[in-house]
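Given next are the chains, with one letter for each unit.
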Amino acid sequence: MQRAVRSKLTVEARGRGRRLAAGTSRTLAARLRRAIVAAGLVGVELSLSLSDDVEMHALNLAYANEDHATDVLSFAQAEGPHVPHAGRRPLGDIVISVEYAARQAKTAGHTLPAELFHLAVHGLVHLLGYDHRDAREERVMFGYETALRRSALTPGPIATISAPSRTRRSL
């Protein structure tokens, strides 16, 4: 019997993102790993970069033609040809501005770790092909995110959350 290949999550801090406490990064990675399992993903490679507003502004301008910093960007790897590494398939990259997330956390009245986890799951769901271009897509995507976060944060075994159907994009 062949074992399933475990997913791989790489976390990197760059720029002012390096100021984030190591414990916060470890907790975020552990929670995101649980969200990956809750999404039913097995054998994927995912990169999470914790950065700053300067890098996010440059990335947002280069890839979305938006001339401002943003909280989170996702870059899917499944759209083009790829070579699996050790039996894993590349899912993509999530980049979060820790500075932007800190401002949003303060405005919303919750902690930075909670905001970072919120944004990481949002980025993950984008990598799974969901978007929020209209009210219906937003309801579907945000509902799925909420269910994944809830499952990931519940102690004990991780409940797998069935992916909702999408109307526009497919995997």
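Notes on the structure follow. (Residues numbered from 1 in each chain as written. Predicted model: local features only at pLDDT ≥ 70, side-chain atom pairs only at ≥ 80, totals over all residues. Heavy atoms only, no water.)

1. Observations concerning the packing of helix 3 (residues 98–108) against helix 4 (residues 112–127)
Close contact between helix 3 and helix 4 brings their axes to 9 Å; oriented N to C, the two are set at 115 degrees. With respect to the hand of their crossing, helix 3 and helix 4 are arranged in right-handed fashion. Judged by residue contacts, V98, A101, A102, Q104 and A105 of helix 3 engage L112, E115, L116 and L119 from helix 4. Of the residues contributing to the contact of helix 3 with helix 4, the split by class is seven nonpolar, one polar and one charged. (Axes fitted to C-alpha atoms, helices over the stretch in contact; angles between N-to-C directions. Helix = DSSP H or I, 4+ residues; strand = E, 2+ residues; numbered from the N terminus. Left-handed = near helix turned anticlockwise from the far one by under 90°. Contact = heavy atoms within 4.5 Å. Nonpolar A, V, L, I, M, F, W, Y, C, P; charged D, E, K, R; others polar.)

2. Notes on the side chain of R149
Within the secondary structure, R149 is located in helix 5 (residues 135–153). When neighbours within four sequence positions are excluded, R149 is seen to be in contact with F117, H118 and V121.

3. A few points about the packing of aromatic side chains
Per the counting criterion, the structure on display carries two aromatic pairs. Each ring, one from Y63 and one from F75, has its centre 5.1 Å from the other, and the planes form 75 degrees; the classification is edge-to-face. Separated by twelve residues along the polypeptide, Y63 in helix 2 (residues 53–64) and F75 in strand 3 (residues 72–76) bring together distant segments of the chain. When the ring of Y130 is compared with that of Y144, the centres are 5.3 Å apart and the planes differ by 50 degrees; the resulting orientation is tilted. Taken together, the positions of Y130 in the loop between helix 4 and helix 5 and Y144 in helix 5 put the pair 14 residues apart, joining distant regions of the chain. The ring of Y100 has R103 lying over it, and the distance from NZ or CZ to the ring centre is 5.0 Å. (Phe/Tyr/Trp six-rings, centres within 6.5 Å; stacked < 30°, edge-to-face > 60°. Lys NZ or Arg CZ within 6 Å of the ring centre and 35° of its normal.)

4. Focus on the pattern of salt bridges
Summed over the entire model, instances satisfying the criterion amount to seven salt bridges. The residue D53 makes a salt bridge to R103 at a minimum N-O spacing of 2.8 Å. Pair noted here: D53 is in helix 2 and R103 is in helix 3, with a separation of 50 residues, a long-range link. Since its relative accessible area comes to 16%, D53 is described here as buried. Judged by its relative accessible area of 42%, R103 is partly exposed. Residue R133 is joined to D131 by a salt bridge in which the shortest nitrogen-to-oxygen separation is 3.6 Å. The exposure class of D131 is buried, given its relative accessible area of 19%. (Salt bridge = Lys/Arg side-chain N within 4 Å of Asp/Glu carboxyl O. Buried < 20%, exposed > 50% of the residue type's maximum accessible area, 1.4 Å probe, protein only.)

Take it as geometry only, folks, not as evidence of what the structure does.
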